[in-house]
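Here are the chains, one letter per residue:
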Amino acid sequence: MAVYTQVSAEKAQALLRLYDVGSLVSLKGIAEGVENSNFLLETTQARFILTLYENRVDPDDLPYFHRLLAHLHEARCPVPRFIEDRKGQWLQDVAGRKACLIEFLPGISVSEPTEARAAAVGMALGQMHNALKSFTEIKPNPLGQASWRSLFGKCDAVATEQFQPGLSSRIERELDWLDANWPTDLPAVASHTDLFPDNVLFNGDRVGGLIDFYFACTELRAYDLAVTHAAWSFSNDGGSCNTEVGKALLDGYASCGELLAEERHALPVLARGASLRFLLTRLYDWINTPADAMVTRKDPLAFLKRLEYYSGVEGLGLFL
Ligand SMILES: Nc1ncnc2c1ncn2[C@@H]1O[C@H](COP(=O)(O)OP(=O)(O)OP(=O)(O)O)[C@@H](O)[C@H]1O
Ligand SMILES: N[C@@H](CCO)C(=O)O
């Protein structure tokens, strides 16, 4: 349940008095998500998402996310807008947290992607990267390739071995391999870097919303595509790869965005990197989140399985 900070009806009413969006009808905590506290807030005029930023989002990064979403909205990409109050303020203080009122986008997130939906997501990602060519602000990726060794260093060695014997040496080998093979000269653009199925809202097979931009940063755009491939083309546990879904995603991307031959060539390496990134962040969270915490811990091994798949012969064939 991702409601870490409670918001009373009185506090929500006081917040809404700053805006010109009607008065409070209902306020419900949203169970999905693990990073922030999210509420579905309905007024006499419309529905909104009220997000309170918890410890994992640096408030200093919020203006970047605001400018990024404004740019994408201007370019007609399906992203939610931050709502401004009567004074033009979009950032508020609610219950001791930085908070924003955000446009509600209708749609459902899917748990079993089809080829049609994977193609639509690929197209939406390609369109987004195109639109962001004119967004020139640079924000380094705090979870980029250069950070993975030190992130692994923060995962307790004993707990890692207890989690799965041999995992430490497998990760060490992969870190070395990625250091030696990581591409550096590919096009970079502001990227989502976490476009998992739970961050895409569909109306039928049409993408109605791309949400949760709080990992957005400047990255190799083909890495963003590789993350999306790793997130969409496997069963949740990583045990099986749906090659047709993966192909539909890549074809959708190439039809709307730009995929240079050297970017396609680098995808096997980037997909291994993407798998290691989520293996490491999930491992770190697994070790450091108490088993009885309110948050559901995500399985790191689901991304070890993806890593092994991408490292094998079958994995290479995915991107030809
Ligand atoms: N703009 C929006 N329109 C409609 N629903 C939304 C919107 N933003 C968020 N939601 C709903 O709230 C849920 C949680 O949002 P989000 O994924 O941003 O949470 P989070 O805690 O920041 O993220 P995560 O744990 O996925 O990193 C989503 O799964 C979705 O159901
Ligand atoms: N998408 C991430 C969670 C943080 O956004 C994961 O599945 O590990």
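- The chain has the name Homoserine kinase in an unreviewed UniProt entry, where Sphingorhabdus pulchriflava is given as its organism.
- Taken verbatim from the UniProt record of the chain, the Catalytic activity (unreviewed entry) comment is "L-homoserine + ATP = O-phospho-L-homoserine + ADP + H(+)".
- The Pathway (unreviewed entry) comment attached to the chain in UniProt states, word for word, "Amino-acid biosynthesis; L-threonine biosynthesis; L-threonine from L-aspartate: step 4/5."

Let's talk about the site of ligand 1
- Around ligand 1 sit 17 residues in total, of which Val 34, Glu 35, Glu 103, Leu 105 and Asp 212 are the nearest.
- Between ligand 1 and Leu 105 there is a distance of 2.8 Å, counted from a nitrogen atom to a backbone nitrogen or oxygen.
- For ligand 1, an oxygen atom lies 2.8 Å from a polar atom in the side chain of Asp 212.
- Protein contact buries 90% of the 620 Å² of open area that ligand 1 shows by itself.
- Considering only residue class, the shell around ligand 1 consists of eight nonpolar, four polar and five charged.
- Structurally, the shell around ligand 1 is a two-domain feature, drawing no fewer than three residues from each of domain 1 (9-103) and domain 2 (115-317).

A short note on the site of ligand 2
- In the region of ligand 2, the neighbouring residues are Glu 35, Asp 194, Phe 196, Phe 215, Phe 278, Arg 282 and Lys 298.
- Between Asp 194 and ligand 2, the recorded distance is 2.6 Å, taken from a side-chain N or O atom to an oxygen atom.
- At 2.7 Å, a side-chain N or O of Arg 282 approaches an oxygen atom of ligand 2.
- With the chains in place, 89% of the 260 Å² that ligand 2 exposes on its own is no longer accessible.
- Classifying every residue of the shell around ligand 2 gives three nonpolar, no polar and four charged.

Calculation criteria
Residues numbered from 1 in each chain as written. Chains lettered and ligands numbered in written order. Predicted model: local features only at pLDDT ≥ 70, side-chain atom pairs only at ≥ 80, totals over all residues. Heavy atoms only, no water. UniProt positions renumbered as here; feature names shortened; annotations may be inferred. Near = heavy atom within 4 Å. Polar contact = N/O pair within 3.5 Å; in protein donor to acceptor, adjacent residues only side chain to side chain. Areas by Shrake-Rupley, 256 points an atom, 1.4 Å probe, with all protein chains shown as cover. Nonpolar A, V, L, I, M, F, W, Y, C, P; charged D, E, K, R; others polar. Domains from an automatic or database assignment.

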